[in-house]
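# A closer look at the structure
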Amino acid sequence: MRNQNLTELRNVQGLEDLNKSELRDMGNRETIVSSIRTRTDRAELRLSATLLFVGVLISVVAGLFHPAHAAANDHPAAFAEYAASTIWIAVHLAQFIGMAVIIAGLLVLDAALDQQSWTTRLGALFALIALALYGVLQAVDGVALKRAVDAWVAAPEAEKAARFASAETVRW
């Protein structure tokens, strides 16, 4: 009977690496469950911290490659710089990935803290909404604006003013 209980407990996530003597030393089931939860919490907290760090790192590195030598409100200079960039779309994709990893880290942290309140659910929902909105921002700035400034640069002289106005519309 005791061996069957030990086998059942060992099958619980987090206990597969424990042997019989470790289980005996742990004492009763409450202590075992507490130990499992602590191990899980630590693993989730480590995962959350790792995701948060990696997400910030990706975002910072992507930001370092973002062309930003011209003043942002000097549209002719800024647009020419954007059009000349061969990595514009990749930088914005990397920025989005960085934000997605950060949001994943926050959601894992929420799970690790195991707070079952409406505020944590609302916070998780808002984090996902923020990620969706950030995705829209990166799509407009990273893809639509790039296409518009490329069209402006490549346009014949007679169309340049209209293409420039289109690029400004996408920008704002």
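Keep in mind it's a predicted model, so treat the numbers as computed, not measured.

### Details of the overall build of the chain
In terms of helices and strands, the chain carries 7 helices and 0 strands. Of the regular secondary structure in the chain, the N- to C-terminal order runs α-α-α-α-α-α-α. Out of the 172 residues belonging to the chain, those deemed buried represent 27%. Intrachain contacts of the chain at a sequence separation of at least 6 include 66% that bridge at least 24 residues. Within the structure as shown, the chain displays about 10,700 Å² of accessible surface, and the carbon and sulfur contribution to it stands at 65%.

### Focus: the environment of I58
Within the fold, I58 resides in helix 3 (residues 29-65). The class for I58 is partly exposed, based on a relative accessible area of 27%. Each C-alpha atom of the pair I58 and I97 lies 7.6 Å from the other, and the pair is 39 residues apart in sequence. Excluding its chain neighbours within four sequence positions, the residues that come into contact with I58 are A94, I97, G98 and V101.

### What about the nonpolar core?
One finds A78, F79, Y82, A83, W88, L145, A148, V149, W152, F164 and A167 forming the largest nonpolar core, which totals 11 residues. When residues of this core are traced back to their parent elements, those giving at least two are helix 4 (75-84), helix 6 (118-154) and helix 7 (160-171). Contacts of W88, omitting those with residues within four sequence positions, involve H66, P67, Y82, D141, G142, L145 and K146.

### Things to note about the environment of G142
You can see G142 is positioned in helix 6. A residue is classified by how much of its surface remains accessible, and G142, at 0% relative accessible area, is buried. Sequence-wise, G142 and H92 are 50 residues apart; in three dimensions their C-alpha atoms are separated by 5.2 Å.

### A look at the environment of A68
Mapped onto the elements of the fold, A68 is located in the loop between helix 3 and helix 4. Taking the C-alpha atoms as reference points, A68 and Y82, 14 residues apart in sequence, are found 8.5 Å from one another.

### Topic: the confidence of the model for the chain
Of the residues in the chain, 77% have a pLDDT of 70 or more, and the chain-wide mean is 83. Mean pLDDT across the elements of the chain bottoms out in helix 1 (residues 2-11) (52) and peaks in helix 5 (residues 88-113) (94).

Basis of the calculations
Residues numbered from 1 in each chain as written. Predicted model: local features only at pLDDT ≥ 70, side-chain atom pairs only at ≥ 80, totals over all residues. Heavy atoms only, no water. Helix = DSSP H or I, 4+ residues; strand = E, 2+ residues; numbered from the N terminus. Buried < 20%, exposed > 50% of the residue type's maximum accessible area, 1.4 Å probe, protein only. Contact = heavy atoms within 4.5 Å. Areas by Shrake-Rupley, 256 points an atom, 1.4 Å probe, with all protein chains shown as cover. Core = buried A, V, L, I, M, F, W, Y, C linked by side-chain atoms within 4.5 Å. pLDDT = per-residue confidence, 0-100.

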